[in-house]
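Listed here are the chains, written in short residue letters.
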Amino acid sequence: MLVSVQDITAGYGSVTVIKNISLEVDRGEWVAVIGGNGAGKSTLFRVISGLVRPRSGKIYFEGRELTALPPHEIVNKGIIQVPEGRMLFPKMNVIDNLLLGGRNRRARNNVNESLKKVYDLFPILEKRASQEAGTLSGGEQQMLATARGLMALPRVLLLDEPSLGLAPLMVREIFNSLQILNKEGMTILMVEQNVVVSLKNAERAYVLENGEIVMSGSSKDLINDDRTKQAYLGI
């Protein structure tokens, strides 16, 4: 497995948010972690990215443990997170936000090539290159956040709630772009509240409730599972 999360428990202060979480992502896969607000999805990503230290458990990348590495070293290995809420620099223009994404050790020598690729994937960003990021629409900001992540030359792209707050048409456009990336070989691990969108796009999924994995399997199996239908699809 490219990424292996083994029995991770983590939280903040005295509060435990995720408990004994284990999951795996193979090279070229698109895997989703689905669950409601407060299930612990973002905390799981913060642990993988090195922003939160786990209380127990280990994380491996290509068979090598990275649990204790600082965030910048995890980025240099190619594990790149696109955070919930986009976290752009709103007063900076589009091109400068993108260039910031390409400053890590692995990416800095490929900036021009990476810029061409993200413009091919999201043509609107080239048209908006000189525009302040904070003046973009919500969908355009999500495109910019994703493109900034791609500028870092990810080997694994961690997507945190990419559909959050977006209109259905924009969600469809962004996920069409993600499908292109995945077909080209990009490994994607995504956390999402939008269960339908997740299961229609990812190959496999884990269901997270109250900080614990309660179900996992192929997206096809989960979308037809009675428990998933009742809990998340309103059926």
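The structure contained in this document is the topic of the report that follows. As the structure is a computational prediction, the values presented were derived from the model and not from experiment. (Residues numbered from 1 in each chain as written. Predicted model: local features only at pLDDT ≥ 70, side-chain atom pairs only at ≥ 80, totals over all residues. Heavy atoms only, no water.)

**Focus on the nonpolar core**
Here is the rule we go by: Only buried Ala, Val, Leu, Ile, Met, Phe, Trp, Tyr and Cys residues count toward a nonpolar core, and they belong to the same one when joined by side-chain atoms within 4.5 Å. Partly exposed describes any residue whose relative accessible area lies between the buried limit of under 20% and the exposed limit of over 50%, with all areas from a 1.4 Å probe on protein chains only and scaled to the type maximum. We call two residues in contact when some of their heavy atoms are within 4.5 Å.
Grouped together as the largest cluster of nonpolar side chains are 44 residues, with contacts concentrated most on L98, V118, Y119, L125, L144, L150 and L178. Among all residues touching L144, those that are not within four sequence positions of it are L88, V94, N97, L98, L125, A133 and L136. Counting 29 residues, the second largest nonpolar core, distinct from the first, contains V5, I8, V17 and V47.

**A few points about the packing of aromatic side chains**
Applicable threshold: Aromatic contacts are taken between Phe, Tyr and Trp rings whose centres are within 6.5 Å, Trp giving its six-membered ring; a plane angle under 30 degrees counts as stacked, one over 60 as edge-to-face, and the others as tilted. Each helix corresponds to a stretch of at least 4 residues labelled H or I by DSSP, and each strand to a stretch of at least 2 residues labelled E; elements are numbered beginning at the N terminus.
With the rule as written, the count across this model stands at 1 aromatic pair. Ring geometry for W30 and F175: centres 6.1 Å apart, planes at 15 degrees, overall stacked. Taken as a pair, W30 in strand β3 (residues 30–34) and F175 in helix α7 (residues 168–183) lie far apart in primary sequence, 145 residues in all. A residue is classified by how much of its surface remains accessible, and W30, at 1% relative accessible area, is buried.

**Structural notes on the pairing of strand β7 (residues 156–160)**
Defined as follows: Here, strands pair whenever DSSP counts at least two bridges between them.
The buried count for β7 comes to 5 of 5 residues, which makes it a mostly enclosed element. What you see with β7 is no split at all: V156, L158 and D160 on one side and L157 and L159 on the other are buried throughout. Bridge count for strand β6 (residues 79–82) against β7 is 4 bridges, and the pairing is parallel. Residue pairing across strands places Q81 opposite L158, the latter belonging to β7. Bridging between β7 and strand β8 (residues 187–192) involves 5 bridges; their strand directions are parallel.

**Regarding the packing of helix α6 (residues 138–151) against α7**
This is how the line gets drawn: Orientation is described by lines fitted to C-alpha atoms, with helices fitted over the stretch in contact, and by angles between N-to-C directions that extend from 0 to 180 degrees. When describing relative orientation, an angle under 35 degrees is termed roughly parallel and one over 145 degrees roughly antiparallel, while 65 to 115 degrees is termed roughly perpendicular and anything else oblique. Left-handed describes a crossing whose near helix is turned anticlockwise from the far helix by less than a right angle; the clockwise case is right-handed. Under the grouping applied here, Gly and all other residues not named as nonpolar or charged are polar, the nonpolar ones being Ala, Val, Leu, Ile, Met, Phe, Trp, Tyr, Cys and Pro and the charged ones Asp, Glu, Lys and Arg.
Two elements in contact, α6 and α7, have axes separated by 9 Å at closest approach and are oriented at 20 degrees. Considered as vectors, α6 and α7 are oriented roughly parallel to each other. In this structure, α6 meets α7 at a crossing whose hand is right-handed. Within the contact between the two elements, α6 uses G139, Q142, M143, T146 and L150 and α7 uses M170, E173, I174, L178 and L181. Residues of the contact of α6 with α7, tallied by class, amount to 6 nonpolar, 3 polar and 1 charged.

**A few points about the sheet that holds strand β5 (residues 64–65)**
Across the sheet, which stays open at both edges, the 4 strands sit in the order β2-β1-β4-β5 with antiparallel pairing between neighbours. Single-partner strands in this sheet number two, and they are β2 (15–25) and β5. Both strand β4 (residues 56–61) and β5 contribute to a ladder of 2 bridges, which runs antiparallel. Residue pairing across strands places F61 opposite R64, the latter belonging to β5.

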